[in-house]
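# Structural features, examined
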Amino acid sequence: MMKDRIYNFAAGPSMLPDQVLEEISEELFNYHSSGMSVMEMSHRSKGYLNIFNETKDTLRRVMNIPEEYEILFMHGGATGQFAAVALNLLDNGEADYIVTGNFAKKAAKEAEKYGTVNIAYDGKDNNYSHIPEESELALSKDARYVHLCANNTIYGTEWNYFPDTHGVPLIADMSSDILSRNIDVSKFALIYAGAQKNMGIAGLAAVIIRKDLISKCNPMTPQILSYEEMVKNDSMLNTPSTFSIYVLGKVVKWIEEIGGIAEIEKRNKTKAKLIYDYLDSQDFYKPHAEKASRSMMNVTFTTPSPELDELFAAKALEEGMSNLKGHRLVKGIRASIYNAMPYEGVEKLVEFMDRFAKENG
Ligand SMILES: Cc1ncc(COP(=O)(O)O)c(C=O)c1O
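Residues numbered from 1 in each chain as written. Predicted model: local features only at pLDDT ≥ 70, side-chain atom pairs only at ≥ 80, totals over all residues.

## Observations regarding the overall build of the chain
If you tally the helices and strands in the chain, you get 10 helices and 14 strands. By the compact-globule yardstick of 21 Å for 361 residues, the chain fits well, its C-alpha radius of gyration being 21 Å. Dimensions of the chain along its principal axes, counting C-alpha atoms only, are 60 × 55 × 30 Å. For the chain, the residues scored as buried account for 47% of the 361 residues in total. Considering only contacts in the chain between residues 6 or more positions apart, those separated by 24 or more positions represent 69%. (Helix = DSSP H or I, 4+ residues; strand = E, 2+ residues; numbered from the N terminus. Rg over C-alpha atoms; globule rule 2.2 N^0.38 Å. Buried ≥ 20, exposed ≤ 12 C-beta atoms within 10 Å, placed from the backbone. Contact = placed C-beta atoms within 7 Å.)

Okay, here's the thing in structure tokens:
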């Protein structure tokens, strides 16, 4: 890592790869001899359109997105998509929402404004420590779509399979696991993600939508959230988040250069194994997620008391590891170890955890 950078375990916005930051800083004042920064470029200029198209093409290659899917860059982060999905596709009909955490619940609440929401599963009784088996889902046959959240950032759980929805379009919020592992895009009708964890910086949402859905979108959807309008205008209905798209382009190029999603997934598995193996080897810390539902991206656990949780986060910060305090809904500790977190950061955290347990156990 670059000198003076710390290991930032934040859930998002979160770490970016050093290489990405270095390239951005080199190009900041004068992008490719244009005499201006990317932030100052017209989104219609040839220079910027090259960045835009290359970002889309690289994302398509890296995620192996089939031609039957459009890639959109939209405003309003993932929360904008909670509304966009329902406004475009619910249209006073019914949809199934699988509630495995706080963001899945927020998506369902937003959709309730625009139609009938069936809660196909709600993990509140296990405090969202569990990802349901297919047999636990009450899917309804008239649903226009099924919505799930692939990785639950707050609770630290992640789907390790995706349910068969028997032809009903499957929609996934992948804000906190996109680009972290191989995903078969063809299983989904629509995937969306806020960019600020594994894709770049905040505000931008990437949307991958199967083309046949576009003609089914409700024409009354405000144009800024309309998939149909966005496709028609190649995400340039208005001025897109030009700099965020440029950063996303750098992130996917970095992934491609280091060996693609296969390499990233291997690295993520190694990092997650290091910390979970340690958690399983001791009894000072209690993991929140049940074993079969564990997230590779967000590792959640508690120490024996809220005071020790506080002390843990404070002491870790003194040693160059920031943002380890858990979300207020789960409390305890949360270590977000997205793609850009180096193995050494996780190694350092586990070494610290062990020392802290010995000193405070
Ligand atoms: C899984 C998930 N969905 C949605 C969101 C909301 O994203 P945004 O802040 O971009 O609206 C987050 C943010 O942390 C998230 O982790």
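## As for the sheet that holds strand β12 (residues 298–302)
On the basis of which strands lie adjacent, the open sheet formed by three strands has the order β11-β12-β14 and antiparallel pairing. The outermost strands of the open sheet, each flanked by one partner alone, are β11 (286–287) and β14 (333–336). The pairing of β12 with β14 spans four bridges and is classified as antiparallel. Bridge pairing links N298 to S336 in β14. (Pairing = 2+ DSSP bridges.)

## Remarks on the site of the ligand
Close to the ligand lie G12, G77, A78, T79, F103, C149, T153, D173, S175, S176 and G194, which account for all nearby residues. In terms of residues, the shell around the ligand owes the most to one element, helix α3 (residues 77–89), which gives three residues. Tallied by class, residues from the shell around the ligand come to three nonpolar, seven polar and one charged. (Near = placed C-beta within 6 Å. Nonpolar A, V, L, I, M, F, W, Y, C, P; charged D, E, K, R; others polar.)

## Some points on the packing of helix α8 (residues 260–280) against helix α10 (residues 343–360)
Relative orientation of the contacting elements α8 and α10 amounts to 0°, with a least axis distance of 10 Å. What the angle tells us is that α8 and α10 run roughly parallel. In this structure, α8 contributes R267, T270, K271, L274, I275 and Y278 to the contact, and α10 contributes Y343, V346, E347, L349, V350, M353 and D354. Here the contact of α8 with α10 is built from residues that sort into eight nonpolar, one polar and four charged. (Axes fitted to C-alpha atoms, helices over the stretch in contact; angles between N-to-C directions. Parallel < 35°, antiparallel > 145°, perpendicular 65-115°, else oblique.)

## Re the environment of F188
In this fold, F188 is placed in the loop between β8 (170–173) and β9 (190–194). C-alpha of F188 to C-alpha of D212: the two residues are 24 residues apart in sequence and 12 Å apart in space.

## Some details on the nonpolar core
Within the largest apolar cluster, 104 residues are counted, with the highest numbers of intra-cluster contacts made by Y97, L190, A193 and A206. Examining the composition of this core, we find that eight residues originate from one element, helix α7 (residues 242–258), more than from any other. When residues of this core are assigned to domains, at least three fall in each of domain 1 (28–256) and domain 2 (259–360). Excluding its chain neighbours within four sequence positions, the residues that come into contact with Y97 are A104, A107, A108, A111, V117, I119, A120 and H147. (Core = buried A, V, L, I, M, F, W, Y, C linked by C-beta atoms within 7 Å. Domains from an automatic or database assignment.)

## Notes on the domain arrangement of the chain
Interfaces are often sized by the accessible area lost when the parts come together. Under the domain assignment, the chain is made up of domain 1 (28–256) and domain 2 (259–360). Taken over C-alpha atoms, the centre of domain 1 sits 27 Å from the centre of domain 2. With 24 residues of domain 1 at the interface, the matching set in domain 2 holds 23 residues. Of all the elements in the fold, those that place two or more residues in the side of domain 1 that touches domain 2 are α2 (46–63), β6 (151–152), β7 (157–158) and α7.

## Comments concerning α8
Between its first and last C-alpha, α8 extends 30 Å over 21 residues, near the 30 Å set by a 1.5 Å rise per residue. Of all the positions in α8, only I261, I264, N268, K271, A272 and I275 are classed as buried. If you follow the buried residues of α8, they end up packed against α2, α7, β12, β14 and α10. (Expected span 1.5 Å × (residues − 1).)

## Quick look at α7
Its 17 residues place the ends of α7 25 Å apart at the C-alpha level, agreeing with the 24 Å of an ideal helix rising 1.5 Å per residue. Counting buried positions over the 17 residues of α7 gives 12, a clear majority of the element. For α7, every residue scored as buried is listed here: T242, S244, I245, Y246, V247, L248, G249, K250, V251, V252, W254 and I255. Residues of α7 that are buried make contact with α1 (18–27), α2, β2 (69–74), β10 (205–210) and α8. Once α7 finishes, G259 follows within two positions and takes phi at roughly 125°, a positive value.

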